[in-house]
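# Notes for the structure review
For reference, the chains in residue letters:
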Amino acid sequence: MLSEHDTEEPKVDEDSADLRGEERAAQRGGPEADASGQDGGGFELKNALEERDRALAEKADLLDKFQRAQAEFENWRKRMMREKQETQEYAAMHTIESLLPIVDDFERAIETPGLDAEVKKGLELIYGRIIDVFTRAGMKPIEVSGEFDPHLHHAVDRAPAESDEHDQTILEVYQKGYHFKDRLLRPAMVKVAVKE
């Protein structure tokens, strides 16, 4: 029996002491702790931060690529819509252009000298109806003014100009030209005065 003044040294199991020492070392950073007091946790944190920065940069890059692809797709969609609308709007243009030689034939037939009055009247009616249909579709004749315009007229013949004022003046129209809406369907074939 021990008296109250006597103290008994607590017995410490050596294995338990070793375990407790390892736990304290692990809390301080384990055996990786160096003399400066820094531990391996700092290294792991640095790696985690670098990996986070790489992931953020990759995310920003992917977001930029996505936005570019989205913008390209939107531009493509708008272009397709515009082309579709133009195709619908100008669908009749090629058909009318292919029928213009028939219109020219009607004009020549109407101007034939000595043509029977009834035949001429019938040709004029048919010609008028064709021109009416083409006009409603968007065809307009090119107004031939006195001045030659290479964007609207095709010079197939020329004659000497009487003076500087008459240079590049249209003398005669051989074949009418037409617009289809805002596009040139066919230039007018003309004879032009040219200063020698």
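These numbers come from a predicted model, not from an experiment. (Residues numbered from 1 in each chain as written. Predicted model: local features only at pLDDT ≥ 70, side-chain atom pairs only at ≥ 80, totals over all residues. Heavy atoms only, no water.)

## Some points on the overall build of the protein
Formally: Think of it this way: any DSSP run of H or I at least four residues long counts as a helix, any run of E at least two long counts as a strand, and we number them from the N terminus. Note on exposure labels: buried denotes an accessible area under 20% of the residue type's maximum, exposed denotes more than 50%, and partly exposed covers the range between, all computed with a 1.4 Å probe on protein chains only. What makes two residues a contact is simply this: any of their non-hydrogen atoms within 4.5 Å. Per-residue and other accessible areas were derived by the Shrake-Rupley procedure at a 1.4 Å probe size, with only the shown protein chains allowed to occlude residues.
The helix and strand inventory of the protein stands at 4 helices and 6 strands. Helices and strands appear in the protein in the N-to-C order α-α-α-α-β-β-β-β-β-β. Per-residue burial for the protein yields a buried fraction of 17% across its 196 residues. Across the protein, contacts joining residues at least 24 apart in sequence account for 62% of those joining residues at least 6 apart. Approximately 15600 Å² of the protein is accessible, and the part contributed by carbon and sulfur atoms is 53%.

## A closer look at the sheet that holds strand 1 (residues 139-141)
Rules: A pair of strands is considered paired only if DSSP assigns at least 2 bridges between the two. Only the contacting stretch of a helix is used when fitting its axis, a line to C-alpha atoms as for every element, and angles between N-to-C directions run 0 to 180 degrees.
Pairing is antiparallel across the open sheet formed by 3 strands, whose spatial order is 1-4-5. Bordering the open sheet on either side are strand 1 and strand 5 (183-186), each of which pairs with just one other strand. In this sheet, neighbouring strand axes are inclined to one another by 35° on average, regardless of whether the strands run parallel or antiparallel. Sitting on the sheet, helix 3 (residues 91-110) touches strand 1, strand 4 (178-180) and strand 5, and the angle it makes with strand 5 is about 40°. Running at roughly 115° to strand 1, helix 4 (residues 117-137) makes contact with strand 1 and strand 4 of the sheet.

## A look at the pairing of strand 6 (residues 188-194)
Look at any regular strand and the pattern is simple: side chains alternate between the two faces of the sheet. Counting buried positions along strand 6 yields 5 of 7 residues, so the element is predominantly enclosed. Relative to strand 6, strand 2 (residues 153-160) runs parallel, the two being bridged by 7 bridges. The residue of strand 6 that forms the bridge with His 154 is Met 189. Here strand 3 (residues 169-175) runs beside strand 6; their pairing, made up of 5 bridges, is antiparallel. By the bridge assignment, Gln 175 is partnered in strand 6 with Met 189.

## Side note on the confidence of the model for the protein
As a reminder, the rule being used: Looking at any residue, its pLDDT shows the predictor's confidence there, from 0 to 100.
Looking at the protein, the pLDDT average stands at 82 and 79% of residues meet or exceed 70. Scored below 50 in pLDDT, residues 29-37 shows 7 contacts in the model against residues more than four places distant or in partner chains.

## Describing helix 3
Which entries qualify depends on this criterion: Any helix carries an expected span of 1.5 Å times its number of residues minus one. In this analysis the local bend is the angle between axes fitted, respectively, to the seven residues ending at and the seven residues starting at the residue.
For helix 3, built from 20 residues, the straight-helix expectation of 28 Å at 1.5 Å per residue is met to within 8% by its first-to-last C-alpha distance of 30 Å. At Leu 99, helix 3 shows its maximal kink, close to 35°; a proline, Pro 101, follows between one and four residues later. Those residues of helix 3 lying buried are Met 93, Ile 96, Leu 100, Val 103, Asp 104, Phe 106, Glu 107 and Ile 110. Where helix 3 is buried, its residues meet helix 4, strand 1, strand 3, strand 4 and strand 5.

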